[in-house]
Protein chains: 2
Amino acid sequence: MKIGVIGGGQLGRMLALAGTPLGMSFAFLDPAPDACAAALGEHIRADYGDQDHLRQLADEVDLVTFEFESVPAETVAFLSQFVPVYPSAESLRIARDRWFEKSMFRELGIPTPTFANVLSQDDLDTAVAEIGLPAVLKTRTLGYDGKGQKVLRSQADVQDAFAELGSVPCILEGFVAFTGEVSLVAVRARDGQTRFYPLVHNTHENGILRLSVPSTDHPLQTMAEDYVGRVLEKLHYVGVLAFEFFEVDGGLKANEIAPRVHNSGHWSIEGAQCSQFENHLRAVTGLPLGSTAKVGESAMLNLIGEVPAPNRIIAIDDCHLHHYGKAFKAGRKVGHATLRCADRPALERAITAVQALIEPNRS
Amino acid sequence: MKIGVIGGGQLGRMLALAGTPLGMSFAFLDPAPDACAAALGEHIRADYGDQDHLRQLADEVDLVTFEFESVPAETVAFLSQFVPVYPSAESLRIARDRWFEKSMFRELGIPTPTFANVLSQDDLDTAVAEIGLPAVLKTRTLGYDGKGQKVLRSQADVQDAFAELGSVPCILEGFVAFTGEVSLVAVRARDGQTRFYPLVHNTHENGILRLSVPSTDHPLQTMAEDYVGRVLEKLHYVGVLAFEFFEVDGGLKANEIAPRVHNSGHWSIEGAQCSQFENHLRAVTGLPLGSTAKVGESAMLNLIGEVPAPNRIIAIDDCHLHHYGKAFKAGRKVGHATLRCADRPALERAITAVQALIEPNRS
């Protein structure tokens, strides 16, 4: 079976590493000449709107999936004429737009920060009057890793904020005094079977994920599964979906969803019985899902800007290096390390050891 | 770092799957147009004696390793002029020839079945008179999966046996009434650091490995490590080496070594903290070795001739499919399944479930 992937970055690369042992082969459509997934499959180098090459991809593969949600709607619609596409066009339409996404949360009764649609500076002024400050202005689409957003603390921040984000459709979100950030990675099969990984504690810095630690018997697991399950059902979703929450007052408030394998699920390559990458492929190809149970105690640390010397990082006990094969660049995710340990104390020690290697290189 | 691999079969494929996350890339030299490792790297399609293409490989890569031991000595010597080669020419010279191999065992004080060099039918007759029947006549080189050998039970079997095996250099081995077959996979780094995986119980049928189950606290572990350590030191070995033993009277008799990653170590992809494939690459590239400790209770079952329907095999709890992407053919190893379970009873149940799927397809 040949899988087409829109995007050829590290997520595509890790999908191919998971799918090759299942007998799958891969084609990646990505305009970048150095797309790092290309080492593991065919690279169709073309823009995401290039219909000739989209058609070539559709003709070559059994189905198409995505490694990022900002794929143009026209691309998805075009491909869907020729080949099955998972997750669906509708799932992508909702997930890539914060207004649609948050409106869906509200409709499904999932708590989320107060929010308002902002299509102009006037809208923003009105929204600020309603929601109050501090608040966060975010572009409705294309934001990631803290990009495309601005924290508004005072009226001075509000002035011109809409223009500063490019005068594109935005939403304003009320500031949430959260005590933690967690995510739930879920997978839903074509037949509706659904599995959830354990809730993961995430630590961000400057909007970029740094550390993910899957939990054991988290008290909010059931609540999170309930919320995520509502979204999966609503969208008739197929594949892996990641749902990010704020922990607030012992409950959860929905932040956002990603209709794809997710950075906060990378620990699952070593730390779960079946990884998010394999489970995504199982789901989209109609295979039975694999176990999402943890194997040992694990954690994932992102390598930002550069990968420390491999001889130092893999010398750490139980450390697994994932080098994405990308050029090093400040602020860029170029790899991650997974720790899989026998118990929590060993895990804590290993986290400290990895952090000591990557802290000096922080960018 | 770019690694050259002589041979592009499933072992090369699994090396690439292990090395890509370490940031390595791969080139495979293999004459087969459908070499299954080619999906994961460059494929230099050439015969193993083709010096132009060997030179091309040497120029492109940082070092060369092997996925099989029957590489011509001239190939190794030629490559060694231009690029580091691990394991060494001397290790391959010994390991690919049963006479040299068994003579080394004897020299190192490692028990092994009685054996004699057989270069003619006359030699064979003399050897049978000394060693007795039953005995096994094996070609000194190129044997695998039970090929290139003949069991001699009576004088009638002895007659013409040398010619039947092609009138090539052979050894005669005394028959060993063994109670089990075990193997020890070891890895030695460039700096001499050595690690051993747990002893693995192997079950063969018709000379082909069917089932490998790594042990826990095997009473012969220390003895096996002692024997294997002697060989590693003697050869100044670098990389993974597999050592197969017969269990006899509560002790071990050396059968053979393989100077490479080995089928009886495939369980380590999921079942050990660091797999044999990653450890081989760590060793040959001069990186520190990874832990050989078990993760859970695991077993490996070979898929011979064909891979059962993926939807059935991966529906088995904790089952990991490794499809080699090779054409199905009777008697050919085309994949394996690894089970990684929480405990032995779960493992036993899972083994039975996989066997029920593959038994009807036995070839």
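Source: prediction; values computed, not measured.

Some details on the nonpolar core
Formed by 120 residues in total, the largest nonpolar core has its most connected members in A:Ile313, A:Leu339, A:Val354, B:Ile313, B:Leu339 and B:Val354. If sequence neighbours within four positions are ignored, B:Val354 has contacts with B:Leu301, B:Ile313, B:Ile316, B:Cys319, B:Ala337 and B:Leu339.

As for the sheet that holds strand β4 (residues 63-66) of chain B
Residue and element names in this part refer to chain B. An order of β3-β2-β1-β4 is seen for the 4 strands of this open sheet, with the pairing classed as parallel. The sheet is open, and its two edges are formed by β3 (42-44) and β4, each paired on a single side. For this sheet, the mean inter-axis angle between neighbouring strands, taken without regard to orientation, is 25°. Pairing of strand β1 (residues 2-6) with strand β2 (residues 25-29) involves 5 bridges; the strand directions are parallel. Directly across from Ile 6, in β2, lies its bridge partner Leu 29.

Regarding the pattern of salt bridges
Residues and elements named next belong to chain A. Under the criterion given, the structure shown has 32 salt bridges over all chains. For Arg 55, the salt bridge goes to Asp 59, with nearest N and O atoms at 3.2 Å. One end of the pair is Arg 55 and the other is Asp 59, both in helix α2 (residues 51-60) and 4 residues apart, which spans about a single turn. As a salt-bridge pair, Arg 260 and Glu 69 come within 2.5 Å of each other at their nearest N and O atoms. Taken together, the positions of Arg 260 in the loop between β14 (251-258) and α10 (268-271) and Glu 69 in the loop between β4 (63-66) and α3 (73-80) put the pair 191 residues apart, joining distant regions of the chain. Each of Lys 2, Glu 42 and Glu 60 takes part in salt bridges that share partners, so that together they form one network.

As for helix α13 (residues 344-358) of chain B
All names here are of chain B. Helix length check: α13 (15 residues) gives 21 Å between terminal C-alpha atoms against 21 Å at 1.5 Å per residue, within 8%. Of the residues making up α13, those classed as buried are Ala 346, Leu 347, Ala 350, Ile 351, Val 354, Leu 357 and Ile 358. Taken end-on, α13 shows its buried residues confined to a sector of 135°, consistent with a single buried face. Of the residues in α13, the exposed ones pointing more than 90 degrees away from the buried face are Arg 349 and Ala 356. The N-terminus of α13 is capped by Asp 343, whose side-chain oxygen sits 3.0 Å from the backbone nitrogen of Ala 346.

Overview of α2(A)
All names here are of chain A. Looking at α2, one finds that the buried residues are Leu 54, Leu 57 and Ala 58. Viewed along the axis of α2, the buried residues span an arc of 100°, placing them on a single side of the element. Counted as exposed and oriented over 90 degrees from the buried face of α2: Asp 52 and Asp 59. At its buried positions, α2 is contacted by β1 (2-6), β2 (25-29), β3 (42-44), β4 and α3. Where α2 begins, the capping side chain belongs to Asp 50, and its oxygen is found 3.1 Å from the backbone nitrogen of Asp 52.

Section: the relation of the copies chain B and chain A
For these two chains of identical sequence, chain B goes onto chain A by a turn of 180° and a shift of 0.0 Å along the axis, with RMSD 0.0 Å. Such a combination of turn and shift is consistent with a two-fold rotation axis. Across chain B, the smallest distance between a C-alpha and the rotation axis is recorded for B:Leu40, namely 2.5 Å. A shared interface surface links the copies, since 100% of the contact residues of chain B are contact residues in chain A too.

Some details on the interface of chain B and chain A
Of the residues lining the interface, 27 residues belong to chain B; the matching set on chain A comes to 27 residues. A combined buried area of about 2,500 Å² lies between chain B and chain A, and 56% of that area is made up of carbon and sulfur atoms. On the chain B side of the interface with chain A, the three residues burying the most area are B:Pro21, B:Gln273 and B:Ile314, jointly 23% of the side's total. In this structure, the connection of chain B to chain A is made through 0 salt bridges. Put simply, chain B and chain A have 14 residue pairs in polar contact (both at pLDDT 80 or more) between them.

A short note on the environment of B:Met223
Residue and element names in this part refer to chain B. On the secondary structure map, Met 223 appears in helix α9 (residues 221-234). Put simply, Met 223 and Leu 152 are 71 residues apart on the chain and 31 Å apart in space, counted from C-alpha to C-alpha. If we ignore the near neighbours within four places in the chain, the residues touching Met 223 are Gly 251 and Leu 252.

Description of the domain arrangement of chain A
Here chain A is described as being made up of domain 1 (2-85), domain 2 (114-174) and domain 3 (180-361). Between the C-alpha centres of domain 1 of chain A and domain 2 of chain A the distance comes to 34 Å.

Description of empty space enclosed by the protein
Counted according to the given criterion, the structure contains 5 cavities of 30 Å³ or more. Within this model, the largest cavity holds a volume of roughly 740 Å³. Breaking the lining of the largest cavity down by element, the ones donating at least two residues are α1 (10-19), α10, α11 (276-284) and β16 (319-323) of chain A together with α1 (10-19), α10 (268-271), α11 (276-284) and β16 (319-323) of chain B. A class-by-class count of the residues in the lining of the largest cavity yields 20 nonpolar, 8 polar and 6 charged.

Describing the packing of helix α2 (residues 51-60) of chain B against helix α3 (residues 73-80) of chain B
Residue and element names in this part refer to chain B. Direction vectors running N to C along α2 and α3 enclose 45°, while the axes themselves pass 10 Å from each other. In terms of their interaxial angle, α2 and α3 are classed as oblique. Seen along the crossing, α2 lies across α3 with a hand that is right-handed. The residues of α3 that touch α2, namely those facing Gln 51, Leu 54, Arg 55, Leu 57 and Ala 58, are Thr 75, Phe 78 and Leu 79.

A look at unusual backbone geometry
Looking along the chain, the bond that leaves A:Leu133 and enters A:Pro134 is cis, with omega of -5°. As for its placement among the helices and strands, A:Pro134 is situated in the loop between α6 (121-131) and β6 (135-139). Within the chain, A:His236 stands out as a residue other than glycine whose phi angle is a positive 45°. Along the chain, A:His236 turns up in the loop between α9 (221-234) and β13 (239-248). The backbone of B:Asp318 shows a phi angle near 65°, a positive value even though the residue is not glycine. Looking at the secondary structure, you find B:Asp318 in the loop between α12 (310-313) and β16.

The rules behind each value
- Residues numbered from 1 in each chain as written.
- Chains lettered and ligands numbered in written order.
- Predicted model: local features only at pLDDT ≥ 70, side-chain atom pairs only at ≥ 80, totals over all residues.
- Heavy atoms only, no water.
- Core = buried A, V, L, I, M, F, W, Y, C linked by side-chain atoms within 4.5 Å.
- Buried < 20%, exposed > 50% of the residue type's maximum accessible area, 1.4 Å probe, protein only.
- Contact = heavy atoms within 4.5 Å.
- Pairing = 2+ DSSP bridges.
- Helix = DSSP H or I, 4+ residues; strand = E, 2+ residues; numbered from the N terminus.
- Axes fitted to C-alpha atoms, helices over the stretch in contact; angles between N-to-C directions.
- Salt bridge = Lys/Arg side-chain N within 4 Å of Asp/Glu carboxyl O.
- Expected span 1.5 Å × (residues − 1).
- Arc of directions from axis to C-beta.
- Polar contact = N/O pair within 3.5 Å; in protein donor to acceptor, adjacent residues only side chain to side chain.
- Least-squares fit on C-alpha atoms with pLDDT ≥ 70 in both.
- Buried area = accessible area lost by both parts, 1.4 Å probe.
- Domains from an automatic or database assignment.
- 1 Å grid on protein atoms, 1.4 Å probe; cavity = no way out; pocket = protein on both sides within 12 Å on 5 of 7 lines; lining within 4 Å.
- Points joined across faces, edges and corners; volume = space filled by probe spheres on them.
- Nonpolar A, V, L, I, M, F, W, Y, C, P; charged D, E, K, R; others polar.
- Parallel < 35°, antiparallel > 145°, perpendicular 65-115°, else oblique.
- Left-handed = near helix turned anticlockwise from the far one by under 90°.

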